[in-house]
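Residues per chain, in single letters:
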Amino acid sequence: MKTYLNSMAGDCEDYSIMMAACIKAVGGKTRIVWVKEHAFPILLVASDKHEYNLKVKPLLNLLFTDIYEEDFGVVQNEEGIWLNFDYTKSYPGGPFLNKEVIKLIKI
């Protein structure tokens, strides 16, 4: 990881592993999503839609004015609401490059 951070070099897998490890190190819950020819980390941000709309969405709208649309870059499963942290966007929550998930890796 030190080499990646010093040189800012690496591919989507390197980025995903590094981000997932950093998020987990500070107590977050994360997964790595593998899609065709790409990988990206996602972060658990809310337990349900109500909590997301009440606490997370207003914060995202405040931080990233004029970027967010309804449920932009967010997916829900039985664990809660997950926010996309794909590096192909300049902000968290950009649209998924490919929604056809090949593998979901729990960290």
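Just so we're clear, the structure is a prediction, and the values are computed from it rather than from any experiment.

Chemist: So, the packing of aromatic side chains: which residues are in play, and what are the values?
Modeler: Tallied over the full model, the rule gives one aromatic pair. Between the aromatic rings of Tyr15 and Tyr87, the centroid separation amounts to 5.0 Å while the plane-to-plane angle is 40 degrees, which identifies the pairing as tilted. Of this pair, Tyr15 sits in helix α2 (residues 12–25) while Tyr87 sits in the loop between β4 (80–84) and β5 (101–106); the two residues are 72 residues apart in sequence, bridging distant segments of the chain.

Chemist: Lay out the pairing of strand β2 (residues 38–46) in plain terms, naming residues and giving numbers.
Modeler: The buried fraction of β2 is high, at seven of nine residues. The sheet contact formed by strand β1 (residues 30–35) and β2 spans six bridges and is antiparallel. Pairing of Val33 across the sheet is with Phe40, part of β2. In textbook terms, the turn of a hairpin is the stretch between consecutive antiparallel strands, and for β1 and β2 this stretch comprises two residues, one of which, Glu37, has a positive phi near 60 degrees.

Chemist: Describe in detail the side chain of Arg31, supporting the description with residues and values.
Modeler: Here Arg31 is to be found in strand β1. Of the residues examined, Arg31 reaches a relative accessible area of 5% and is grouped as buried. Within the structure, Arg31 has its side chain in polar contact with the side chain of Glu79 (distance 2.8 Å). When neighbours within four sequence positions are excluded, Arg31 is seen to be in contact with Phe40, Pro41, Ile42, Glu79, Trp82, Leu104, Ile105, Lys106 and Ile107.

Chemist: Which residues make up the pattern of salt bridges, and what values do they have?
Modeler: Under the definition given, this model contains two salt bridges. Between Glu79 and Lys29 there is a salt bridge, and its shortest N-O distance comes to 3.0 Å. You can see Glu79 sitting in the loop between β3 (74–77) and β4 and its partner Lys29 sitting in the loop between α2 and β1, a full 50 residues away along the chain. With a relative accessible area of 23%, Glu79 lands in the partly exposed category. Taking relative accessible area as the criterion, Lys29 reaches 36% and is therefore assigned partly exposed. Linking Glu79 and Arg31 is a salt bridge whose minimum nitrogen-to-oxygen distance equals 2.8 Å. Of the two residues, Glu79 sits in the loop between β3 and β4 while Arg31 sits in strand β1, which places them 48 residues apart along the sequence. Residues participating in the shared-partner salt-bridge network are Lys29, Arg31 and Glu79.

What counts and what doesn't
- Residues numbered from 1 in each chain as written.
- Predicted model: local features only at pLDDT ≥ 70, side-chain atom pairs only at ≥ 80, totals over all residues.
- Heavy atoms only, no water.
- Phe/Tyr/Trp six-rings, centres within 6.5 Å; stacked < 30°, edge-to-face > 60°.
- Helix = DSSP H or I, 4+ residues; strand = E, 2+ residues; numbered from the N terminus.
- Buried < 20%, exposed > 50% of the residue type's maximum accessible area, 1.4 Å probe, protein only.
- Pairing = 2+ DSSP bridges.
- Polar contact = N/O pair within 3.5 Å; in protein donor to acceptor, adjacent residues only side chain to side chain.
- Contact = heavy atoms within 4.5 Å.
- Salt bridge = Lys/Arg side-chain N within 4 Å of Asp/Glu carboxyl O.

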